[in-house]
Amino acid sequence: MKARGSPLRRRGRRSVLRVFAIPAILFAASLAGLVLGLTGDGLRDALAWLLLSLPLLAVGVAWRRRGLPSRYRKT
């Protein structure tokens, strides 16, 4: 029997939109960052760096949340 709060507990079914919302946002931000970086200078380059750093930030947040005990996570 699994302990309560186990990371392997079963969650309810999720819709396709809910499953792919964050990856779709990260994809759109990355694509916009690449286009801005290739087509402009100055402010556009700064915005491109910001948009292209979002996936790295998301990975960092996911790693940090995975390391926290479940009582500290927002659900």
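Scroll up to find the structure.
Residues numbered from 1 in each chain as written. Predicted model: local features only at pLDDT ≥ 70, side-chain atom pairs only at ≥ 80, totals over all residues. Heavy atoms only, no water.

### Description of the environment of Val 35
Then step 1. Locating Val 35 in the fold gives a position in helix 1 (residues 16-39).
Then step 2. Using a relative accessible area of 45% as the deciding quantity, one classes Val 35 as partly exposed.
Then step 3. Once the C-alpha coordinates of Val 35 and Ala 48 are considered, the two residues, 13 residues apart in sequence, prove to be 7.9 Å apart. (Helix = DSSP H or I, 4+ residues; strand = E, 2+ residues; numbered from the N terminus. Buried < 20%, exposed > 50% of the residue type's maximum accessible area, 1.4 Å probe, protein only.)

### Remarks on helix 1
Then step 1. A rise of 1.5 Å per residue sets the reference length of helix 1, with its 24 residues, at 34 Å; its end C-alpha atoms lie 33 Å apart and thus fit the reference within 8%.
Then step 2. Along its length, helix 1 shows its largest kink, about 35°, at Ile 22, and proline Pro 23 lies within four residues downstream of that point.
Then step 3. Those residues of helix 1 that fall on the buried side of the exposure criterion are Ala 29, Ser 30, Gly 33 and Leu 36.
Then step 4. Here the buried face of helix 1 lies against helix 2 (43-67). (Expected span 1.5 Å × (residues − 1). Bend = angle between axes of the 7 residues up to and from the residue. Contact = heavy atoms within 4.5 Å.)

### Structural notes on the packing of helix 1 against helix 2
Then step 1. Following both chains from N to C, one finds helix 1 and helix 2 inclined at 150°, their axes separated by 8 Å at the closest point. Overall, the two elements helix 1 and helix 2 adopt an arrangement that is roughly antiparallel. Of the two elements, helix 1 crosses helix 2, and the hand of that crossing is left-handed. Judged by residue contacts, Leu 26, Ala 29, Ser 30, Ala 32, Gly 33, Leu 34, Leu 36, Gly 37 and Thr 39 of helix 1 engage Arg 44, Asp 45, Leu 47, Ala 48, Leu 51, Leu 52, Leu 54, Pro 55 and Ala 58 from helix 2.
Then step 2. Residues of the contact of helix 1 with helix 2, tallied by class, amount to 12 nonpolar, 4 polar and 2 charged. (Axes fitted to C-alpha atoms, helices over the stretch in contact; angles between N-to-C directions. Parallel < 35°, antiparallel > 145°, perpendicular 65-115°, else oblique. Left-handed = near helix turned anticlockwise from the far one by under 90°. Nonpolar A, V, L, I, M, F, W, Y, C, P; charged D, E, K, R; others polar.)

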